[in-house]
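Listed below are the residues making up each chain.
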Amino acid sequence: MYINRKVLTLDEFTIQQLRNFSSATGELSSLLRDIGLASKRINVEVNKAGLVDILGEAGHTNVQGEDVKKLDVFANQQLVGVLKHGISCAGIGSEEIEGVEIFNDEVSNNSKYVCLFDPLDGSSNIDVNVSIGTTFSVYRRLSAVGQPCVEDDFLQPGNKLVAAGYVIYGSSTMFVYATRRGVNGFTLDPSIGEFCLSHPDIQCPSVGTIYSVNHGNFFRFPKGVQQYITACQKRAVMDGGPYSQRYIGSLVADVHRNLIKGGIFMYPSLTDQATGKLRLLYECNPMAFIIERAGGVATDGSQRILDIVPTTLHQRSPFYGGSRDMMEELSGYLTNSDMQ
Ligand code: AHM
Ligand code: MG
């Protein structure tokens, strides 16, 4: 078997980054390694999802007599487990858990980060073999190190993020994370069980030809969004032709594609749900942080996603994000008050 030893693994890369900072303690590298480990375990179970009918339904006992858990519950347990037993995280917030979980042991109380995640996003796609993902946000805690962390440590705007990322369980499994220094992507090499640097310094193209939105909601969108979508469809051939509409219904997969190819993703407010669907702290913020670090733009229609000051753990926000020039064109439609 050929192994390319020149390709950096996720661990090697984060440690290399660390060497550039004399004051760095390695806690962030350790936290990313923990999330990487959990995501490898999640990946193994996601790949077996189609076997659930053979091995046993979720919530039942399989043929080996083991309890079969729903995948999103399993994913949550893996992430909570690695972070709780690791040395870098004082507590977590998760889409699967109502309140924050404060670890409150000696090592965790001395950790400087808190983490929020959606363990398995797009879970309605699991049963039909479509890409799903994990999203995560990392904040430096505000409360004093040495004490248990507190809920306010989690309620920070995205502009305070130290790092954010996602894992996509797709045709291959990728771990993408961003810090203030940029965005890098790592593909899981199953032969060695390591994430290997495959997409260094990801830059979102400033223009693209893809718009991603749930078209079924068209008549529930603000008028400006309807007008923008119609403009996407009416683009003249001389302007590069109409854009392509691509919507997977998995935030991670839709954003990942647009990040690489150029495009715009929208989950607008709806007439009967003004805040849209996506959760601010562990869905919108990590994606907005990554998009911005890659040179793109992300807003809720009127302000930067990353500037929204959260008040509750599971609050939702409309989300528009992607290629800079496409976002600028969209904002022309959204800022016109007749269009709202
Ligand atoms: P989930 O957290 O219940 O999986 O919902 C989030 C998902 C996103 O991945 C995706 O962008 C969106 O919901 C799709 O919603 P819809 O089916 O309304 O288009
Ligand atoms: Mg979700």
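Everything discussed here concerns the structure shown above.
Residues numbered from 1 in each chain as written. Chains lettered and ligands numbered in written order. Predicted model: local features only at pLDDT ≥ 70, side-chain atom pairs only at ≥ 80, totals over all residues. Heavy atoms only, no water.

A.B. asks: Before we go on, may I ask you to explain the environment of Leu116 in this structure?
C.D. replies: Looking at the secondary structure, you find Leu116 in strand β3 (residues 113-121). Leu116 sits 49 residues away from Gly165 along the chain, and the two C-alpha atoms are 11 Å apart. Those residues in contact with Leu116, other than ones at most four positions away along the chain, are Gly93, Thr135, Phe136, Ser137, Tyr139, Phe154, Leu281, Tyr282 and Leu313. (Helix = DSSP H or I, 4+ residues; strand = E, 2+ residues; numbered from the N terminus. Contact = heavy atoms within 4.5 Å.)

A.B. asks: Looking at this model, I keep getting lost on the coordination of the magnesium ion (ligand 2). Mind explaining?
C.D. replies: Protein-derived coordination of the magnesium ion (ligand 2) comes from Asp118 (OD), Asp121 (OD) and Glu283 (OE), at a distance range of 1.9 to 2.1 Å. Written as a sequence motif, the donor arrangement for the magnesium ion (ligand 2) is D-x2-D-x161-E. In this pair, Asp118 is assigned in strand β3 and Glu283 in helix α8 (residues 280-293), connecting sequence segments 165 residues apart. For Glu283, a relative accessible area of 4% corresponds to the buried category. (Donors = N, O, S within 2.8 Å, 3.2 Å for Na, K, Ca; no water. Buried < 20%, exposed > 50% of the residue type's maximum accessible area, 1.4 Å probe, protein only.)

A.B. asks: Explanation requested: unusual backbone geometry in the structure shown.
C.D. replies: Only a minority of non-glycine residues have a phi that is not negative, and only a minority of peptide bonds are not trans. The phi angle at Asn129 is positive, at roughly 60°, despite the residue not being glycine. Inspection of the secondary structure assignment puts Asn129 in the loop between β3 and β4 (132-140). On the basis of relative accessible area, Asn129 is assigned to the exposed category, the value being 77%. Here the phi dihedral of Asp201 falls at roughly 45°; this positive angle occurs in a residue that is not glycine. For Asp201, the location among the structural elements is in the loop between β8 (194-199) and β9 (210-212). Under the relative-accessibility criterion, Asp201 is labelled partly exposed at 45%.

A.B. asks: Would you take a moment to explain the packing of helix α7 (residues 251-261) against α8 for this structure?
C.D. replies: Axes are the key here: two packed helices are described by the angle between their axes and the distance separating the axes. For the pair α7 and α8, interaxial distance at closest approach is 11 Å and the crossing angle is 10°. With respect to their mutual orientation, α7 and α8 come out roughly parallel. Counting all contacts with α7, which are made through Leu251, Val252, Val255 and Leu259, the residues of α8 involved are Glu283, Met287, Ile290 and Ile291. Of the residues in the contact of α7 with α8, the class split is seven nonpolar, no polar and one charged. (Axes fitted to C-alpha atoms, helices over the stretch in contact; angles between N-to-C directions. Parallel < 35°, antiparallel > 145°, perpendicular 65-115°, else oblique. Nonpolar A, V, L, I, M, F, W, Y, C, P; charged D, E, K, R; others polar.)

A.B. asks: What am I meant to see in the pattern of salt bridges here?
C.D. replies: Should their charged atoms come close, side chains of opposite charge can pair. A full pass over the atoms with the stated rule returns eight salt bridges. The salt bridge partner of Arg220 is Asp272, with a shortest N-O separation of 2.9 Å. Here Arg220 is found in the loop between β9 and α6 (223-234), whereas its partner Asp272 is found in the loop between β11 (264-267) and α8, with 52 residues between them in sequence. Look at Arg220 and you get partly exposed, because its relative accessible area is 27%. With relative accessibility at 57%, the residue Asp272 sits in the exposed group. For the salt bridge of Arg304 with Glu292, the shortest nitrogen-to-oxygen distance reads 2.8 Å. (Salt bridge = Lys/Arg side-chain N within 4 Å of Asp/Glu carboxyl O.)

A.B. asks: When you look at the sheet that holds strand β13 (residues 319-322) in this model, what are you seeing that I'm missing?
C.D. replies: What holds strands together in a sheet is hydrogen bonding between their backbones, with the strands either parallel or antiparallel. The strand order across the open sheet built from five strands is β10-β9-β11-β13-β12, with neighbouring strands paired in mixed fashion. The open sheet has two free edges, formed respectively by β10 (244-245) and β12 (297-299), since each of these has just one partner strand. Relative to β13, β12 runs antiparallel, the two sharing three bridges. The residue of β13 that forms the bridge with Ala298 is Gly321. Strand contacts of α6: β9, β11 and β13, with the helix running at about 145° to β11, the strand carrying the most contacts. Where helix α9 (residues 324-334) meets the sheet, its contacts fall on β9, β11, β12 and β13, and the angle it forms with β13 comes to roughly 150°. (Pairing = 2+ DSSP bridges.)

A.B. asks: It is not clear to me how the nonpolar core should be interpreted in this structure. Could you clarify?
C.D. replies: Grouped burial of nonpolar side chains is what soluble globular proteins tend to show. Residues Met266 and Phe319 are the most contacted members of the largest nonpolar core, which totals 58 residues. Each residue touching Met266, except ones within four places of it in the same chain, is listed here: Tyr211, Ser212, Val213, Val225, Tyr228, Ile229, Phe319, Tyr320 and Leu330. (Core = buried A, V, L, I, M, F, W, Y, C linked by side-chain atoms within 4.5 Å.)

A.B. asks: Looking at this structure, how should I read α6?
C.D. replies: In an α-helix, one full turn covers 3.6 residues, which means residues spaced three or four apart are oriented alike. Its twelve residues place the ends of α6 16 Å apart at the C-alpha level, agreeing with the 16 Å of an ideal helix rising 1.5 Å per residue. Every buried residue of α6 is listed here: Gly224, Val225, Gln226, Tyr228, Ile229, Ala231 and Cys232. Buried residues in α6 make contact with β9, β11, β13 and α9. (Expected span 1.5 Å × (residues − 1).)

A.B. asks: What is the right way to read the site of ligand 1 from this model?
C.D. replies: Lining the immediate environment of ligand 1, one finds 15 residues, of which Asp121, Gly122, Tyr247, Leu251 and Tyr267 sit closest. Between ligand 1 and Tyr267 there is a distance of 2.6 Å, counted from an oxygen atom to a side-chain nitrogen or oxygen. Between ligand 1 and the protein, one listed contact pairs an oxygen atom with a side-chain N or O atom of Glu283 at 3.3 Å. Notes on ligand 1: free accessible area 470 Å², of which the protein chains cover 79%. (Near = heavy atom within 4 Å. Polar contact = N/O pair within 3.5 Å; in protein donor to acceptor, adjacent residues only side chain to side chain. Areas by Shrake-Rupley, 256 points an atom, 1.4 Å probe, with all protein chains shown as cover.)

A.B. asks: Looking at this structure, how should I read α8?
C.D. replies: Summarising burial for α8: 13 of the 14 residues are buried, a large majority. The first or second residue beyond α8 is Gly295, which carries a positive phi of 100°.

A.B. asks: Would you take a moment to explain the side chain of Ser317 for this structure?
C.D. replies: On the secondary structure map, Ser317 appears in the loop between β12 and β13. Once you skip the residues sitting within four places of it in the chain, Ser317 turns out to touch Thr275, Leu278, Leu280, Cys284, Asp300, Ile305 and Ile308.

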